[in-house]
Amino acid sequence: MKRLALFAAAAALLLAACAGPPAGDASPAATGDTSTDAPSEWTGVTRNVPSEYPTIQSAVDAANPGDLILIDRGVYKETVSVTTPGLVIRGVDRNEVVIDGEFERPNGFEVLFADGVAVENLTSVNHTINGFFWTGVRGYRGSYLTAVNNGDYGIYAFDSGDGLFEHSYGSGSPDASFYIGQCNPCDAVISESIGEYSGLGYSGTNASHLYLVNNVFRFNGTGVAPNTLDSELIPPTRDVVVAGNLIYDNGYQDFPHKDSQWLTQGFGVLLVGVDGATVTMNRIFNHPNGAIAVAPNVDANFWMSSDNEVVDNVVEGSGLGDLALAGPSLPGNCFEGNDPAHTMPPMLETSQGCGGLRWPALFEVGSFASLFGRVVENGLDLDTDVFYGDMPLPGPQPQMPQGADAPVIPAVNVFAGAQPNLGSIETPRMPAGEEVTQQKGINIMGVTFASTLGGILGLYAYVLPMVLYASWVVIAVWEIVKRDDLGRGAGLGWMAAILVIPFLGVIAYYIFGRSQVPVAYRWMLLAGGIGAYLVILAIGMIVGGVV
């Protein structure tokens, strides 16, 4: 494999939301086709469970497009598959209508290629994959839902467009409490919701044009992580708005996780291979790594982040840096009005502001070099092993207004009514009883010491190339100064090449400049250090399971 660069070795596992390569084409619903099979109005027919139908599935199977399925209090041990468009499926009590997978069944609700289905006011727990799942649909809505301790995602929409998740709660998911993937434009909103005790509060792979507004993401591995991967269609992720959210205390607690979620824990917002995102008016605090980080990702292709705006957030209590720009990155990422205490690289808001003259893009790799050590630790099974079913259970969640008597509205043209007005969004206040406790951590050139191997291998992988390069340059320049066989022009020419052309200039000198350093020492100097470096990386990738 060609992933011998350090950040590639770590990022190859980063946020791998779906296994295997994509196949076929994205659905028309996920790529902007607005046609739908769903009726826009209720038929007036209500099918009651269990008084008329003993199971939810039997009521769904009997229903016509546009019917209401009304579910009375009880624990229902079934997976509900929905293939009829335009249904509204509603519990009479959010906390007492429970779909229990008993850690045996895969999904609580699965809406399969049925447009316009809304699921409201109920709870899904203990499934081996997802609590609530929509795929291949135009129009979906999840309102006042609770998804707890499900084995992959809590509330999940894939290959779909025109959607809304609102006033919902997700926890105990090894991947993410909330997930939207493979859509451009997604035309989707997640609002007034809580994601906690999961690998990620929100994850979205190749999910473009969507809004995360006025939510709470806490106690996860990382809070919010839009990302790009080749394992799903329609890359890259573009035009995500993260605004008005309260994001705190991610990266501390034991939490259920997959490999990639454990590797990257400790961030509030992590944009990975994302273009044109806006992160604004959020309050983000208490993270062992950073509040907001912009980084590249690598899969079959190398995805660099560009044109992301990080403006007017409250960021504090970060172990590494309140703001970070990891590289390499494309132009256009800018940071302004966040008042950070520390950034990586330093003076990020000065050098990469959103207006006026800007310095050439600077980025750091130290913090992401530390991920290499975590890759190795993961391969040695040194990460924590947390069963998703052991996460804390939430207290009662707020009921949908009017409950069983609320208006019955199929999920048609959802985004048109849900798209938020960013001008009305305010930065959340500090929650009662919370305070900033995370102090700036110890690091060497950005390499953190959150884990032993992370620190040791991070330093090796990040510092050794610079040490090698510095030694090559110093020895070559000193030798040129001392050589009597080179004319002034040739000497100055080689010195300019060495100083101006990174790596290649000094390597060319040792190979073509008739260096007086003995051949054996020359090859040891050039090839020995590189060889040792690659051997350590290769062993780490093998142990870590990257290759």
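Remember, it's a predicted structure, so these values are computed and weren't measured experimentally.

A look at the state of the cysteines
What makes a disulfide is a covalent bond joining the sulfur atoms belonging to two cysteines. A full pass over the atoms with the stated rule returns two disulfides. Residue pairing for cysteine 183: its cysteine sulfur links by disulfide to cysteine 186, the two sulfurs lying 2.0 Å apart. In this structure, the disulfide formed by cysteine 183 and cysteine 186 twists by about 85 degrees around the S-S bond and is classed as right-handed. Cysteine 186 matches cysteine 183 in its accessibility class, with the two residues each being buried. Covalently, cysteine 334 is tied to cysteine 354 through a disulfide, its sulfur atoms 2.1 Å apart. Here the disulfide of cysteine 334 and cysteine 354 is right-handed, its torsion about the S-S bond being about 95 degrees. In this pair, cysteine 334 is assigned in strand E34 (residues 334-336) and cysteine 354 in the loop between helix H4 (348-351) and helix H5 (366-379), connecting sequence segments 20 residues apart. Given the relative accessible area of 4%, cysteine 334 is considered buried. Among the cysteines of the protein chain that take part in disulfides, numbered as they appear in the sequence, the pairing is 1-2, 3-4.

Overview of the environment of glutamate 435
Within the secondary structure layout, glutamate 435 lies in the loop between helix H6 (414-418) and strand E36 (443-444). Taking relative accessible area as the criterion, glutamate 435 reaches 53% and is therefore assigned exposed. Separated by 149 residues in sequence, glutamate 435 and asparagine 286 have C-alpha atoms that sit 8.5 Å apart. The residues contacting glutamate 435, other than those within four sequence positions of it, are Phe285, Asn286 and Met430.

Quick word on the side chain of asparagine 297
Topologically, asparagine 297 is positioned in strand E29 (residues 297-298). When its relative accessible area of 0% is taken as the criterion, asparagine 297 is described as buried. Of the polar contacts made by the side chain of asparagine 297, one reaches the backbone oxygen of threonine 228; its length is 3.2 Å.

Points about a negative patch on the surface
A grouping of Asp307, Glu309, Asp312 and Glu336 is seen on the molecular surface, where their side chains present a negatively charged patch. As for its position among the elements, glutamate 336 is in strand E34. Residue classification places glutamate 336 among the partly exposed residues on the basis of a relative accessible area of 38%.

Remarks on the side chain of aspartate 299
Considering the arrangement of structural elements, one finds aspartate 299 in the loop between E29 and strand E30 (302-303). Looking at aspartate 299, its side chain comes within polar contact range of the main-chain nitrogen of serine 231, at 3.2 Å.

Some words on the pattern of salt bridges
If you walk through the whole model with that rule in mind, you get 12 salt bridges. For aspartate 72, the salt bridge is made with arginine 73, and the minimal N-O distance between the two is 4.0 Å. Given a relative accessible area of 47%, arginine 73 falls into the partly exposed group. Residues aspartate 187 and arginine 138 are paired through a salt bridge, measuring 3.6 Å at the closest nitrogen-oxygen approach. Placement of the pair is aspartate 187 in the loop between strand E14 (176-181) and strand E15 (188-191) and arginine 138 in strand E10 (residues 138-148), with a sequence separation of 49 residues. The residues aspartate 187 and arginine 138 share a single accessibility class, namely buried. What emerges from the salt-bridge pattern is a single network uniting Asp72, Arg73, Asp93 and Glu96.

Reading guide: rules and limits
Residues numbered from 1 in each chain as written. Predicted model: local features only at pLDDT ≥ 70, side-chain atom pairs only at ≥ 80, totals over all residues. Heavy atoms only, no water. Disulfide = S-S within 2.5 Å. Buried < 20%, exposed > 50% of the residue type's maximum accessible area, 1.4 Å probe, protein only. Helix = DSSP H or I, 4+ residues; strand = E, 2+ residues; numbered from the N terminus. Contact = heavy atoms within 4.5 Å. Polar contact = N/O pair within 3.5 Å; in protein donor to acceptor, adjacent residues only side chain to side chain. Patch = residues over 30% accessible without salt bridge, like charges linked within 9 Å, V, L, I, M, F, W, Y side chains within 5 Å. Areas by Shrake-Rupley, 256 points an atom, 1.4 Å probe, with all protein chains shown as cover. Salt bridge = Lys/Arg side-chain N within 4 Å of Asp/Glu carboxyl O. Lys, Arg positive; Asp, Glu negative; His and termini not counted. Charge placed at Lys NZ, Arg CZ, Asp CG, Glu CD.

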